Amino acid sequence: MYDVVALGELLIDFVQNGSSRNGNPVFEANPGGAPCNVLAMLARLGYQTAFIGKVGDDFFGKMLGKTIRETGISAEGLAYDKNVNTTLAFVHTLSDGDRDFSFYRNPGADIMLTEQEISKRLIEECKIFHFGSLSLTDEPAKTAAKRAVAFAKAAGKLISFDPNYRERLWENEERAKEAVWYGISVCDILKIADNEIKWLTGLNDYDEGVRAVKERSGAKLINVTLGSQGSLSYYQGRKVCGKPFLNDRTIDTTGAGDTFCAGMLHFVLERGLDSLNETDLEEMLEFANAAASIVTTRRGALSSMPEKEEIERLILGDRKVEKEQKAVKTFPVTLHSVDKVKGFVNDMGRIGGDALLLAGKYVIDAKSIMGIFSLDLSNPLQLQIEDWKEEYAEVIKKYLSP
């Protein structure tokens, strides 16, 4: 039984790693491909994963097969093409930190995958089937991918989709958008980047973009990655923001989105897709953002995924710093009348974060009217606001004890 089976490209990412003595760029051959990056992170988290795809029966293809097996990904669904070489990608980092890709794929072995080479048994045995748009650029892989998706849906599997749009691999923009809309229309879980949703919908506002996506999709969970700005999660009318884990040791963002996607699927495998609340979504984004941040400090995402303990340490460290940075202030307040208590509770709703009332050994939520009425209101109480902002002074001044 597999937790996640992914279909798509497995290739070599040549990432620049310095220059030669003559000033020429030196490239490192890193195993890559978005679907396998996702599986590699999930395997590192202890999940059973399997890959369906095709590489060339050449040096790089054999290297890739060996790498995914060593990573803990089943290579049972990996086919080798004796006539077409393994796909190659050269990754160039631009001055603004973004990346530019040059592909050697005309054709490449990954797009030669046929319907007959799809292992239906692997799909039957999985919980989540994941794919991206690069399997839809050319035949025969396009038909094979769509047949695999149809089989997975018929078998009742959750479908996860990440567009992973690469402009240079498409004949034209119209075909690219058609393929991405197809993926969106069939998925239950969608991870999409900020630039992709703007490109696809023509809308600069993410909320409006997600509404446009929902009109053509039955996806229950939609996550938008924002690069250094963090991420957004949309679920059953709720929207949650995930703050970024910025890292001054970032050297390569290749695979960050895939690592985020794996963190998202990890959460779904643990909690499911039903009855999620805002706290659940916040935890999901926190874990996924932290994992993505760590992988940017390493080269070669597929072979460099972080351990769960490493991710949790980063999260705990960030929470500690955040807690230390919060300003806590305490004020004496008087709440002698019922009307004053009602007004106080209403105003406390304007306070972000925790607001507590202290009365001797008792600690009460200042936003709970029933809790406040359980206290002795004949004496002043201590109001403690844990994340103080100066704008709150106007809110509390009418309740301060003389």
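Residues numbered from 1 in each chain as written. Predicted model: local features only at pLDDT ≥ 70, side-chain atom pairs only at ≥ 80, totals over all residues. Heavy atoms only, no water.

Regarding the overall build of the chain
To keep it simple, the criterion reads: Comment: elements are numbered from the N terminus, with helices defined as DSSP H or I runs of at least four residues and strands as E runs of at least two. Only protein chains enter the area calculation, which uses a 1.4 Å probe; residues under 20% of their type maximum are buried, those over 50% are exposed, and those in between are partly exposed. What makes two residues a contact is simply this: any of their non-hydrogen atoms within 4.5 Å. Note on areas: these come from Shrake-Rupley sampling with a 1.4 Å probe, and a residue is covered only by the protein chains present in the view. All tallies of charge rest on Lys and Arg as positive and Asp and Glu as negative; His and the ends of each chain are not included. Lysine's charge is taken at NZ, arginine's at CZ, aspartate's at CG and glutamate's at CD.
Each helix and strand counted, the chain has 13 helices and 17 strands in total. When the backbone C-alpha atoms are referred to their principal axes, the chain occupies close to 85 × 55 × 40 Å. Residues counted as buried form 52% of the 402 residues belonging to the chain. Taking all contacts inside the chain whose residues are at least 6 apart in sequence as the whole, residues at least 24 apart take part in 70%. As displayed, the chain offers around 18,800 Å² of accessible surface, 47% of which is attributable to carbon and sulfur atoms. If you average the places of the 49 positive and of the 59 negative side-chain charges in the chain, the two averages end up 2 Å apart.

So, the packing of aromatic side chains
Keep this limit in mind: To pair, rings of Phe, Tyr and Trp, with the six-membered ring standing in for Trp, must have centres within 6.5 Å; the planes then decide the type, stacked if under 30 degrees apart, edge-to-face if over 60, and tilted in the middle. Note on criteria: charge over ring means Lys NZ or Arg CZ within 6 Å of the ring centre, with the direction from the centre no more than 35 degrees off the ring normal.
All chains considered together, the criterion is met by 12 aromatic pairs. When the ring of Phe131 is compared with that of Phe161, the centres are 4.9 Å apart and the planes differ by 45 degrees; the resulting orientation is tilted. Separated by 30 residues along the polypeptide, Phe131 in strand β8 (residues 126–132) and Phe161 in strand β9 (residues 158–162) bring together distant segments of the chain. One exposure class covers both Phe131 and Phe161, and it is buried. Grouping aromatic residues by their ring pairs yields a cluster made of Phe14, Phe27, Phe59, Phe60, Phe90 and Tyr104. Taking the ring centre of Phe245 as reference, the NZ or CZ of Lys243 above it sits at 4.6 Å.

Some remarks on the packing of helix α5 (residues 173–186) against helix α6 (residues 194–201)
What counts, and what does not: The angle between two axes is taken between their N-to-C directions and runs from 0 to 180 degrees, where each axis is a line fitted to C-alpha atoms and a helix contributes only its stretch in contact. Oblique is the label for every angle not falling under 35 degrees (roughly parallel), over 145 degrees (roughly antiparallel), or within 65 to 115 degrees (roughly perpendicular). Handedness of a helix crossing follows the sense of rotation of the near helix relative to the far helix, less than a right angle counterclockwise being left-handed and clockwise being right-handed. Each residue receives one of three labels: charged for Asp, Glu, Lys and Arg, nonpolar for Ala, Val, Leu, Ile, Met, Phe, Trp, Tyr, Cys and Pro, and polar for the others, Gly being one of them.
Direction vectors running N to C along α5 and α6 enclose 110 degrees, while the axes themselves pass 10 Å from each other. One element, α5, and the other, α6, form an angle in the roughly perpendicular class. As α5 runs across α6, the sense of the crossing is left-handed. Along its contact with α5, which presents Glu173, Ala176, Lys177, Val180, Trp181 and Ile184, the element α6 presents Trp199, Leu200 and Thr201. Across the contact of α5 with α6, the residue classes tally to 6 nonpolar, 1 polar and 2 charged.

Focus on the environment of Ala89
Residue position: Ala89 is located in strand β6 (residues 88–93). The residues contacting Ala89, other than those within four sequence positions of it, are Leu11, Ile12, Asp13, Phe14, Ser102 and Phe103.

Here's the deal with unusual backbone geometry
Cis geometry is adopted by the peptide bond preceding Pro107, which originates at Asn106 and carries an omega value of -5 degrees. Looking at where Pro107 falls in the secondary structure, it is placed in the loop between β7 (99–104) and α3 (120–124). Here the residue pair Glu139 and Pro140 is connected by a cis peptide bond, since its omega of 5 degrees sits within 30 degrees of zero. Positionally, Pro140 belongs in the loop between β8 and α4 (141–154). The residue Gln236 is not glycine, and still its phi comes out positive at about 45 degrees. Relative to the elements of secondary structure, Gln236 occurs in the loop between β12 (231–235) and β13 (238–242). You can call Gln236 exposed: its relative accessible area is 55%.

Regarding the environment of Asp365
The condition is simple: Think of a polar contact as two N or O atoms within 3.5 Å of one another; within protein, one of them needs to be a possible hydrogen donor and the other a possible acceptor, and neighboring residues in sequence only count if both atoms come from side chains.
Tracing the chain through its elements places Asp365 in strand β16 (residues 362–365). Its relative accessible area of 39% is what places Asp365 among the partly exposed residues. Sequence spacing of Asp365 and Pro25 is 340 residues, and the spatial spacing of their C-alpha atoms is 60 Å. Those residues in contact with Asp365 that lie beyond four places of it in its chain are Ala355, Leu356 and Ile372. At 2.9 Å, the side chain of Asp365 forms a polar contact with the backbone nitrogen of Lys367.

The analysis is restricted to geometry; functional conclusions fall outside its scope.
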